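Inside the fold
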Amino acid sequence: MRSMETPDHAPEPDPRATSAEAERHADEDTEDTTPAAPTGIAAQDWATASADPQYRAAVVDLLGALAYGELAAFERLADDAKLAPTLGDKAELAKMASAEFHHFERLRDRLTAVDEDSTAAMEPFARALDDFHHQTAPSDWLEGLVKAYVGDSIASDFYREVAVHLDSDTRALVLAVLDDTGHGNFAVEKVRAAIEADPRIAGRLALWARRLMGEALSQAQRVVAERDALSTMLVGGVADGFDLAEVGKMFSRITKAHTKRMAALDLAS
């Protein structure tokens, strides 16, 4: 172990070492932080990448899962609007529901354009998503807002992770349909105002949010594990196999993002 130096007995600095250290820090300060250019499939367009049948199957899975998720989000927001305490809140949720349905239409149209049946593409994911929504049905307006905020954010994080591995055309579509419909800011504003008015509800909503997180991750892992083509794409390419460790890191990043969002709601994660 290296001994500690006291100020009174510290050695004289080596000018050459000092100069080298300064140069090293200068290099760090000027290091290029430009994101690396896409490589492999991520650098290809759909026409090129889809020549690989396994990659094509993975993308059809992805678009099918995302399309059903958008359709389910439309239905959920329409139902949540019935719980809205004011006409203005009802109208706001109706607008968000409309945006979700537009996202669904874009995904459905994309599947049709690549000669795939959109209903068949969505079918494998319907049960998992329906189970999630059945098991996490909100009991009131605030639980509905927290569910939409937490659930939609987890799903968006998941699909953004996947988008890194997509061809340029599919990646652009996925990122476009993940655009914020405004629900996040709306939910944060309403939930924070409700907690400020009655701090006692914070504990109940925090427990609800933790349950949602657990259920959402469980369902996402179930979908990944059951769809081989999708799982291989998740970990960096359809030829790399299903690396559970890498998928675990992805879910860890999603969990950290969830913790930050709970802080935005003034809720403990």
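Calculation criteria
Residues numbered from 1 in each chain as written. Predicted model: local features only at pLDDT ≥ 70, side-chain atom pairs only at ≥ 80, totals over all residues. Heavy atoms only, no water. Helix = DSSP H or I, 4+ residues; strand = E, 2+ residues; numbered from the N terminus. Areas by Shrake-Rupley, 256 points an atom, 1.4 Å probe, with all protein chains shown as cover. Phe/Tyr/Trp six-rings, centres within 6.5 Å; stacked < 30°, edge-to-face > 60°. Buried < 20%, exposed > 50% of the residue type's maximum accessible area, 1.4 Å probe, protein only. Polar contact = N/O pair within 3.5 Å; in protein donor to acceptor, adjacent residues only side chain to side chain. Contact = heavy atoms within 4.5 Å. Expected span 1.5 Å × (residues − 1). Salt bridge = Lys/Arg side-chain N within 4 Å of Asp/Glu carboxyl O. pLDDT = per-residue confidence, 0-100. Core = buried A, V, L, I, M, F, W, Y, C linked by side-chain atoms within 4.5 Å.

Further remarks concern the overall build of the protein chain. Tallying secondary structure elements over the protein chain gives 11 helices and zero strands in all. Counting from the amino terminus, the protein chain carries its helices and strands in the arrangement α-α-α-α-α-α-α-α-α-α-α. For the protein chain, the exposed area adds up to about 14700 Å²; of that, 54% sits on carbon and sulfur atoms.

Here we take up the packing of aromatic side chains. The full count for this structure, using the stated rule, is five aromatic pairs. Summarising the aromatic geometry, the rings of Phe74 and Phe101 are spaced 5.1 Å apart at their centres and angled 55 degrees between planes, so their arrangement reads as tilted. Separated by 27 residues along the polypeptide, Phe74 in helix 3 (residues 53-80) and Phe101 in helix 4 (residues 87-113) bring together distant segments of the chain. When its relative accessible area of 29% is taken as the criterion, Phe74 is described as partly exposed. Where Phe158 meets Tyr159, the ring centres are 5.2 Å apart and the plane angle is 75 degrees; that geometry is what we call edge-to-face. The class for Tyr159 is buried, based on a relative accessible area of 11%. Put simply, the rings of Phe74, Phe101 and Phe104 touch in pairs and so form one group of aromatic residues.

With that settled, the discussion passes to the side chain of Ser153. The residue Ser153 is located in helix 6 (residues 141-163) in this model. A polar contact of 3.4 Å, which involves the side chain of Ser153, links it to the side chain of Arg261. Residue contacts for Ser153: discarding those within four places in its chain leaves Ala148 and Arg261.

The next thing to look at is helix 3. Here helix 3 is 28 residues long and its end C-alpha atoms lie 40 Å apart, about the 40 Å a rise of 1.5 Å per residue gives. Near the N-terminus of helix 3, the side chain that reaches the backbone nitrogen of Gln54, with its oxygen 2.9 Å away, is that of Asp52.

As a further point, take the pattern of salt bridges. Here the structure, examined in full by the defined rule, presents 13 salt bridges. Ionic pairing is found between Asp131 and Arg127, a salt bridge with its closest N-O pair at 3.9 Å. Placement of both Asp131 and Arg127 in helix 5 (residues 118-135) is noted, with a separation of four residues, approximately one turn of the helix. As a salt-bridge pair, Arg261 and Asp157 come within 2.7 Å of each other at their nearest N and O atoms. With a gap of 104 residues between them, Arg261 in helix 11 (residues 244-264) and Asp157 in helix 6 connect regions that are remote in the sequence. On the basis of relative accessibility, which here comes to 21%, the residue Arg261 falls in the partly exposed class.

Looking at the protein chain, pLDDT values average 81 and 81% of them are 70 or higher. Of all the helices and strands in the protein chain, helix 1 (residues 15-29) carries the lowest mean pLDDT, 47, while helix 7 (residues 168-177) carries the highest, 94. This stretch, residues 1-11, has a pLDDT under 50; its non-local contacts, to residues over four places away or in other chains, come to two contacts. Contacts for the low-pLDDT stretch residues 15-33, under 50 throughout, to residues beyond four places or in other chains number one contact.

Within the largest apolar cluster, 75 residues are counted, with the highest numbers of intra-cluster contacts made by Leu166, Val174 and Met233. Here Val174 is in contact with Leu62, Leu63, Leu66, Tyr159, Ala163 and Leu166, once residues within four sequence places are set aside.

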